[in-house]
Amino acid sequence: MEFKIENINIGDDHPTFFIAEAGVNHNGSLQLAKELIDAASKAGADSIKFQTFKAGEISTKHAPKSTYHIETTGKDSNGSWYDLLKSQEISEEMHYELIDYCKKKKIIFLSTAYSKSSAEFLNRLGVSAFKVASTDTNNIPFISYLSKIDKPIILSTAMSTFDEVKKSVDIIQKYNNRLVVLQCTGNYPASLEDSNLMVLKTYKKAFNCLVGYSDHTLEYINPIAATALGSCVYEKHFTLDKNLDGPDHRMSLDPKELEKTIKIIRETEKSLGNKDKFVLVKEKENRVKLRKSLVAENDISAGMIITNDMIGIKRPGGGILPAEIDNIVGKKTRVFIPKDSLIKYEMLND
């Protein structure tokens, strides 16, 4: 299973596709958004992702804030969740500028669509894939609409039951096999013990699809663990400054942490290496010097019948393998074999 997002191959046999999640950390500023693109490009991310929505399309004016929103942006008396969303919208003009800027910086522009109209707009802009936020994993009408557009879908699954995920995956796969299902924990920040990375294996087996991880933890172990478990897409929030106003800055990486996270993933990929087991060129010297061969335990005269007690197993390798000892016992020596010397087939009668 593999497909492309723009010019990058996505699949189990390809490097992890890293999405630097800018989200709403631009705070509505075009300049800040461009600086986020600069940081993501410099860190080595494959893509930077924003969020495309109109507040009135995704929230009532009286929808309550989540606890973490209250912690990071104040109580409803300082503005409703609707007001917060309004301040985080990206205008259509900003989309055009950000896409052009991403092209200059050679990084893929993606954005999460939160409604049919935002998906239609992103499709007109020519985005190369659709990201579905965990808040819409059970939004079946929206999932059904997206699945019929001929573009890859990255489905995040925080706050979802397995059955909810399965229902959405079944709908998508009815029309579209270019799917990545992301394990995710809907807490900001999330704790390590709530990561449940083994769900990656569950998804892969149940859905026969590519899997990935959307990371809300603060530690560095999950980039390693998720990559080792087969995550082919990795998504992580980042910001220019964790002290900026806004809901997501506190659980985001700063630019140096973003660069470190991507480096960790690339180093993990190197360590995972090749799935085939073989002797490496760099192992060949030690294979001979550190492995063992059949040797004479004591001096063995010519004409002797070899018995088990005449044979030792010692370094170096390169002689008759220990596994072949049964082929040696019972043979007659043709020559004198000194103690501690390798026993060779040409020293023995057939």
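An account of the accompanying structure is given in this report. (Residues numbered from 1 in each chain as written. Predicted model: local features only at pLDDT ≥ 70, side-chain atom pairs only at ≥ 80, totals over all residues. Heavy atoms only, no water.)

1. Some remarks on the environment of Ile-313
Part 1: Note that Ile-313 resides in strand 12 (residues 311–314).
Part 2: Sequence separation of Ile-313 and Phe-130 is 183 residues, and the distance between their C-alpha atoms is 62 Å.
Part 3: Setting aside residues up to four positions removed in sequence, Ile-313 forms contacts with Lys-292, Ser-293, Leu-294, Val-295 and Pro-322. (Helix = DSSP H or I, 4+ residues; strand = E, 2+ residues; numbered from the N terminus. Contact = heavy atoms within 4.5 Å.)

2. What about the layout of surface pockets?
Part 1: Size it by volume and the second largest pocket reaches roughly 480 Å³.
Part 2: Lining the second largest pocket are 19 residues, with Asp-12, Asp-13, His-14, Leu-272 and Gly-273 sitting closest to its centre.
Part 3: Of all elements in the fold, only helix 10 (221–228) and helix 11 (255–272) reach the threshold of two or more residues within the lining of the second largest pocket.
Part 4: Within the lining of the second largest pocket, the residues separate by chemical class into 5 nonpolar, 8 polar and 6 charged. (1 Å grid on protein atoms, 1.4 Å probe; cavity = no way out; pocket = protein on both sides within 12 Å on 5 of 7 lines; lining within 4 Å. Points joined across faces, edges and corners; volume = space filled by probe spheres on them. Nonpolar A, V, L, I, M, F, W, Y, C, P; charged D, E, K, R; others polar.)

3. Thoughts on a nonpolar patch on the surface
Part 1: There is a patch of nonpolar side chains on the surface, built from Leu-192, Ile-221 and Ile-224 and spanning about 220 Å² of accessible area.
Part 2: Tracing the sequence through the fold places Ile-224 in helix 10.
Part 3: We classify Ile-224 as partly exposed; its relative accessible area is 36%. (Patch = residues over 30% accessible without salt bridge, like charges linked within 9 Å, V, L, I, M, F, W, Y side chains within 5 Å. Areas by Shrake-Rupley, 256 points an atom, 1.4 Å probe, with all protein chains shown as cover. Salt bridge = Lys/Arg side-chain N within 4 Å of Asp/Glu carboxyl O. Buried < 20%, exposed > 50% of the residue type's maximum accessible area, 1.4 Å probe, protein only.)

4. Things to note about the pairing of strand 4 (residues 47–52)
Part 1: Of all 6 residues in strand 4, 6 are buried, a share of seventy percent or more.
Part 2: Residues Ser-47, Lys-49 and Gln-51 of strand 4 are buried on one face, and the alternating residues Ile-48, Phe-50 and Thr-52, pointing to the opposite face, are buried as well.
Part 3: Handedness of the strand 3 (residues 17–23)-helix 1 (residues 30–43)-strand 4 crossover: right-handed. (Right-handed = clockwise from strand over helix to strand, strands pointing away.)

5. Description of the pairing of strand 7 (residues 153–156)
Part 1: Side chains of strand 7 alternate between two faces, with Ile-153 and Leu-155 and Ile-154 and Ser-156 buried alike.
Part 2: Pairing between strand 6 (residues 130–132) and strand 7: 3 bridges, direction parallel. Across the sheet, the residue bridging to Lys-131 is Ile-154, located in strand 7.
Part 3: The β-α-β motif built from strand 6, the intervening helix 7 (residues 140–147) and the parallel element strand 7 has right-handed crossover chirality.
Part 4: In this sheet, strand 8 (residues 179–184) lies alongside strand 7 in parallel orientation, the contact comprising 4 bridges. From the neighbouring strand, Leu-155 faces strand 8, where its bridge partner is Val-181.
Part 5: Following the chain from strand 7 across helix 8 (residues 162–175) to the adjacent parallel strand 8, one finds a crossover that is right-handed. (Pairing = 2+ DSSP bridges.)

Function cannot be inferred from these measures alone, as they are strictly geometric.
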